[in-house]
Amino acid sequence: MAKYAIIENDLVVNVIVAEASFLKESKIKATECGDEVYPGWKFVDKKFVAPPVNYAPIEDELLAE
């Protein structure tokens, strides 16, 4: 089975694992993707683009320990 991304407006909204025949029979529009792709990624010019990394601020109290 392969992993497929369901894309709406250039955004991955869901990822499923399925047989290609199931997608065809169910009329699900999806694009095969790698294991690293998950909801929140973009699909631009037929390429998957990871979202920017969102680092949480570190509080000074944690650094002092």
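This text goes with the structure placed above it.
What counts as what
Once a new chain begins, its residue numbering starts again from 1 and follows that chain's sequence as written. In view of the model being predicted, local features appear only for residues whose pLDDT reaches at least 70, and side-chain atom pairs are presented and counted only at 80 or more, with totals across whole chains, interfaces and linings using the full set of residues. Computation of side-chain values: all heavy atoms of the structure, hydrogens and water removed. Secondary structure follows DSSP: runs of H or I at least 4 residues long count as helices, runs of E at least 2 residues long count as strands, and numbering of each begins at the N terminus. Exposed residues in this analysis have more than 50% of their type's maximum accessible area, buried residues have under 20%, and partly exposed residues fall in between, with area computed by a 1.4 Å probe over protein chains only. Should any heavy atoms of two residues lie within 4.5 Å, those residues are considered in contact. Areas reported here follow the Shrake-Rupley algorithm with a probe of radius 1.4 Å; residue values treat only the protein chains shown as occluding.

1. Focus: the overall build of the chain
And then number 1: Assigned secondary structure in the chain consists of 2 helices and 5 strands.
And then number 2: The linear arrangement of helices and strands in the chain, starting from the amino end, is β-β-α-β-β-β-α.
And then number 3: Taking all 65 residues of the chain together, the buried fraction comes to 22%.
And then number 4: Counted over contacts in the chain with a minimum sequence separation of 6, partners at least 24 positions apart contribute 46%.
And then number 5: For the chain, the computed accessible surface area is about 5,500 Å², with 53% contributed by carbon and sulfur atoms.

2. Digging into the environment of Asn 14
And then number 1: Tracing the sequence through the fold places Asn 14 in strand E2 (residues 11-18).
And then number 2: Classification of Asn 14 as partly exposed rests on a relative accessible area of 36%.
And then number 3: Each C-alpha atom, one on Asn 14 and one on Val 37, is 9.6 Å from the other, the two residues being 23 residues apart in sequence.
And then number 4: When residues no more than four places from it in sequence are discounted, the contact partners of Asn 14 are Tyr 4, Ala 5, Ile 6 and Pro 39.

3. Description of unusual backbone geometry
And then number 1: The phi torsion at Asn 9 lies on the positive side, around 50 degrees, for a residue other than glycine.
And then number 2: A relative accessible area of 80% means that Asn 9 is categorised as exposed.
And then number 3: If you check the backbone angles, Lys 27 has positive phi at about 55 degrees while not being a glycine.
And then number 4: Following the sequence through the fold, Lys 27 ends up in the loop between helix H1 (20-26) and strand E3 (31-32).

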